[in-house]
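Chain by chain, the residues:
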Amino acid sequence: FKKTLQFGSRNAEVTLLQELLKKDPRVYPAGLVTGYFGKLTKAAVISFQKNNAISPIGIVGPKTRSKLNEIYSPK
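Residues numbered from 1 in each chain as written. Predicted model: local features only at pLDDT ≥ 70, side-chain atom pairs only at ≥ 80, totals over all residues. Heavy atoms only, no water.

Draft legend 1. Highlighting helix 3 (residues 62–72). Along helix 3, the residues that are buried comprise Thr64, Arg65 and Leu68. Projected down its long axis, helix 3 shows its buried positions confined to an angular sector of 100 degrees, all on one face. Opposite the buried face of helix 3, by more than 90 degrees, sit the exposed residues Pro62 and Lys63. (Buried < 20%, exposed > 50% of the residue type's maximum accessible area, 1.4 Å probe, protein only. Helix = DSSP H or I, 4+ residues; strand = E, 2+ residues; numbered from the N terminus. Arc of directions from axis to C-beta.)

Draft legend 2. Layout of the side chain of Ser9. Residue placement: Ser9 occurs in the segment before helix 1 (12–21). With relative accessibility at 15%, the residue Ser9 sits in the buried group. Other than its neighbours up to four places away in sequence, Ser9 contacts Thr4, Val14, Gly35, Tyr36 and Phe37. (Contact = heavy atoms within 4.5 Å.)

Structure below.
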């Protein structure tokens, strides 16, 4: 992840974000992959942030991007 993602974003990184978040149904129970960062994606990001001791603001900024890249980057 390289860009800040937030409510209203619509791009391939949002699609990837949704694909990764849906791997944990406790984080993203809806599991929708639309490429649009809407209410459900924001709620999933907040859940992910809470689970990873990141301020739960619902925006994929530097700290959240770093944690996503750490967890989901191919080894």
